Amino acid sequence: LQHRQYSVAYTERPITVDGKCDEAQWQSAQPVGDFVFTWWSEGDGLRQATEAKMLWDDNSLYVCFSCTDRDVQAIRTERDSPVYRDDCVEVFASPEFERPQNYFNLEMNAIGVQLDNYRPGGKEPAAAWNPDGIQVAVTVDGTLNDSSDTDQGWTLEVAIPFRLFGDVLPSGKPAVGDRWRLNLNRLDDAMNVKSQWSQGDRNFPRFHHPEFFGVVKFEN
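Residues numbered from 1 in each chain as written. Predicted model: local features only at pLDDT ≥ 70, side-chain atom pairs only at ≥ 80, totals over all residues. Heavy atoms only, no water.

Observations regarding the pairing of strand 1 (residues 5-10)
Part 1: Examined bridge by bridge, strand 1 and strand 11 (residues 214-218) share 4 bridges and lie parallel to one another. When the sheet's bridge partners are listed, Q5 is paired in strand 11 with V215.
Part 2: By the bridge criterion, 2 bridges tie strand 1 to strand 2 (residues 50-56) in an arrangement that is parallel. By the bridge assignment for strand 2, Y10 is matched with W56. (Pairing = 2+ DSSP bridges. Helix = DSSP H or I, 4+ residues; strand = E, 2+ residues; numbered from the N terminus.)

Notes on the nonpolar core
Part 1: By size, the foremost hydrophobic cluster in this structure holds 38 residues, and its most contacted members are M54, L61, F65, F165, W180, L182 and L184.
Part 2: For M54, the residues in contact, after removing those within four places along its chain, are Y6, V8, A9, W26, A29, V32, L61, Y62, V63, L182, L184 and V216. (Core = buried A, V, L, I, M, F, W, Y, C linked by side-chain atoms within 4.5 Å. Buried < 20%, exposed > 50% of the residue type's maximum accessible area, 1.4 Å probe, protein only. Contact = heavy atoms within 4.5 Å.)

Here's the deal with the state of the cysteines
Part 1: In total, this model carries 1 disulfide according to the counting rule given.
Part 2: Paired by a disulfide, C21 and C64 hold their sulfur atoms 2.2 Å apart. Between C21 and C64 the sulfur-sulfur dihedral comes to about 115 degrees; the bridge is accordingly right-handed. Note that C21 is positioned in the loop between strand 1 and helix 1 (24-28) and C64 in strand 3 (residues 60-68), a separation of 43 residues in sequence.
Part 3: Overall, the relative accessible area of 5% leaves C64 in the buried class.
Part 4: Here C67 is not cross-linked by a disulfide; its sulfur's nearest cysteine counterpart is in C64, at 8.8 Å.
Part 5: Unpaired in terms of disulfides, C88 finds its nearest cysteine sulfur in C67, a separation of 9.4 Å.
Part 6: For C88, a relative accessible area of 0% gives the class buried. (Disulfide = S-S within 2.5 Å.)

Structure (structure tokens):
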């Protein structure tokens, strides 16, 4: 099983979560690499590219998704609604490297509405995990929910505070050199097209499969 790997660069300068990802730190951060269309087959719709980058500081993990998208669609406006049926990106991560099944999933649509779960055993979400302080911002290059024209895409920026994971990060943040199990996903065209950073089980289309998450290492 080939797990994708990525080094998350540390930033001392503040990141403004505005959906633009235009700070110098973002410009110099390395992309994670091409997303793979593990379960795509003829007739599923366009395979549209996603570029993602990550950074961290003493408070948060930052992720920037840049999504090529000819028709940006998102209509769900309530937290924890099925945002995955809109154009959507996701962060699935386990701060406990040796227990990837102990993970959280954060799903965000193209207007920044989030669905969040914490799965301490990998199967069922913990009761009503609705953490405060996750920051999400989106910019759309095009016309939202209008299929009569051609859009360019959308960019989503998120800051995930480390304090949300006090049970598994007793020091309040990762240490340099720490590794997490993590995957980045995208849903497009009303779930017709799924792509992901670290490739899942080709025989079984699901994102909730922590054994297939990639590996990220926190660098300085």
